[in-house]
Amino acid sequence: MRHAAPRAPETRAGGRELSDLGHVLILAGGLSPEREVSLRSGARLRDALREAGVDADIADADAGLIPAVIADPPSAVYPAIHGASGEDGSIQEVLTLLGLPYVGALPDACRFAFDKPAAKAIARAAGLATPPSVTLPKETFHDLGAGTVLDRIVATLGLPLFVKPARGGSALGATLVDTAEDLSGAMISCFAYGDTALIEHCVLGTEVAVGVIDLGRGPEALPPVEIRPLVGGYDYAARYTPGQTEFHVPARLTPAESHAATEAAITAHRVLGLRDVSRTDLIVSDGVASFLEVNVAPGLTETSTLPMALTAVGQSLGSVCRDLLSQAAARGT
């Protein structure tokens, strides 16, 4: 790893001038089930930053990371690790201990955002709509009888339902439930990825993702991206397999609905104490934007919505992330 102290612009092969940001590091990989997606995000970000003139490399969050960055600290770090450790505040705590500037939310904010029930409660307290839900650990179903508890969930929330792990992303362990008979199978799938389940009433409407960027002028929303899976729901395959989902940028919403969606994303970003970048997932129905969850390390793959939204407003992924890294370097940790 090369020394990362700020330096005068250089010229790479082909005559392109390098940014004076210095050497930056992208963290990608990790050990969560979202590792492969994270590696794809990291590779795309590295290529975009290099195209924007930034001296960028990728490192995994493994035993070699801390000795390497101590020996040769980067100017700034972009965490692109998805799932646990990358979004639950852990890697942010380590970067803070190391005194390394990084893009994204502080550890405490990450912890609240990564915990979906906690994020929903904070969003609801701020006045955002969010689907009615219950959150229960696996032990509850064992101790009180799964059948009895599931019957009460259906009676209380109604159908359809959406079941997902309380922590995690990429729709892993998430299932749409149309009938009461399908609920137990959905719970088993959910508990394969976490010990606590979030069971929501499934609001039917237009699914959108709204990215938020803050480059020092306060959080600003990008155009909502409408998500239309061609077959079934927006599951892991539909998210990351080109051609399985139709995206519309901007989303096919009325002006009032689009405004509601962008305001909801900005509100979520603010009340959860996030910084730099986030992505909020919403369902828009009857003019109301219902908060589902927020992501502090949005995906950057070829099928991810944040880069699509940037392209729609004439901004490149590389230049925006370069500016986010410069902002992080300027403020320190």
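Residues numbered from 1 in each chain as written. Predicted model: local features only at pLDDT ≥ 70, side-chain atom pairs only at ≥ 80, totals over all residues. Heavy atoms only, no water.

## Some points on the environment of Leu-325
Then, number 1: One can find Leu-325 in helix α12 (residues 317-331).
Then, number 2: Sequence spacing of Leu-325 and Gly-145 is 180 residues, and the spatial spacing of their C-alpha atoms is 50 Å.
Then, number 3: In this view, Leu-325 contacts Leu-21, Val-24, Leu-49, Ala-76, Val-77, Tyr-78 and Val-103; residues no more than four positions away in its chain are not counted. (Helix = DSSP H or I, 4+ residues; strand = E, 2+ residues; numbered from the N terminus. Contact = heavy atoms within 4.5 Å.)

## A short note on the sheet that holds strand β3 (residues 76-79)
Then, number 1: A sheet is described by the order of its strands in space; here three strands give the open sequence β2-β1-β3, paired in parallel fashion. Of all the strands in the sheet, the pair left with one neighbour each is β2 (55-59) and β3. Taken pair by pair, the neighbouring strands of this sheet meet at an average axis angle of 25°, ignoring direction.
Then, number 2: In the sheet, strand β1 (residues 23-27) pairs with β2 via five bridges, with the strands oriented parallel. Across the sheet, residue Ile-26 finds its bridge partner in β2, namely Ile-58.
Then, number 3: The sheet contacts of helix α3 (residues 90-97) involve β1 and β3, and relative to β3 the element is tilted by about 175°. (Pairing = 2+ DSSP bridges. Axes fitted to C-alpha atoms, helices over the stretch in contact; angles between N-to-C directions.)

## Description of helix α11 (residues 305-312)
Then, number 1: Most of α11 is tucked away: six of the eight residues are buried.
Then, number 2: Burial in α11 covers these residues: Thr-305, Leu-306, Pro-307, Met-308, Ala-309 and Leu-310.
Then, number 3: Looking at the buried residues of α11, the elements they touch are α1 (35-51), β8 (206-213), β10 (225-229), β11 (245-248), β12 (277-285) and α12.
Then, number 4: One or two residues past the end of α11 sits Gly-314, with phi positive at roughly 75°. (Buried < 20%, exposed > 50% of the residue type's maximum accessible area, 1.4 Å probe, protein only.)

## Some points on the packing of aromatic side chains
Then, number 1: Counted by the stated rule, this structure contains one aromatic pair.
Then, number 2: The ring of Tyr-102 has Arg-275 sitting right over it, with the charged end atom 5.1 Å from the ring centre. (Phe/Tyr/Trp six-rings, centres within 6.5 Å; stacked < 30°, edge-to-face > 60°. Lys NZ or Arg CZ within 6 Å of the ring centre and 35° of its normal.)

## Side note on the confidence of the model for the protein
Then, number 1: Model confidence for the protein is summarised by a mean pLDDT of 91, while 93% of its residues fall at 70 or above.
Then, number 2: pLDDT under 50 marks residues 1-16. Its contacts with residues more than four places away, or in other chains, come to 41 contacts. (pLDDT = per-residue confidence, 0-100.)

## Structural notes on the side chain of Asp-276
Then, number 1: Relative to the helices and strands, Asp-276 is located in the loop between α10 (255-271) and β12.
Then, number 2: There is a polar contact of 2.9 Å between the side chain of Asp-276 and the side chain of Gln-327.
Then, number 3: Within the structure, Asp-276 has its side chain in polar contact with the side chain of Arg-331 (distance 2.6 Å).
Then, number 4: Those residues in contact with Asp-276 that lie beyond four places of it in its chain are Tyr-102, Val-103, Gly-104, Val-212, Ile-213, Asp-214, His-269, Leu-324, Gln-327 and Arg-331. (Polar contact = N/O pair within 3.5 Å; in protein donor to acceptor, adjacent residues only side chain to side chain.)

## Details of the pattern of salt bridges
Then, number 1: This structure, assessed with the given rule, holds 16 salt bridges.
Then, number 2: Between Glu-220 and Arg-217 there is a salt bridge, with the nearest N and O atoms lying 3.3 Å from each other.
Then, number 3: Judged by relative accessible area, which is 39%, Glu-220 ranks as partly exposed.
Then, number 4: Residue classification places Arg-217 among the exposed positions, given a relative accessible area of 61%.
Then, number 5: The salt bridge involving Asp-323 is made with Arg-322; its shortest N-O contact spans 3.4 Å. (Salt bridge = Lys/Arg side-chain N within 4 Å of Asp/Glu carboxyl O.)

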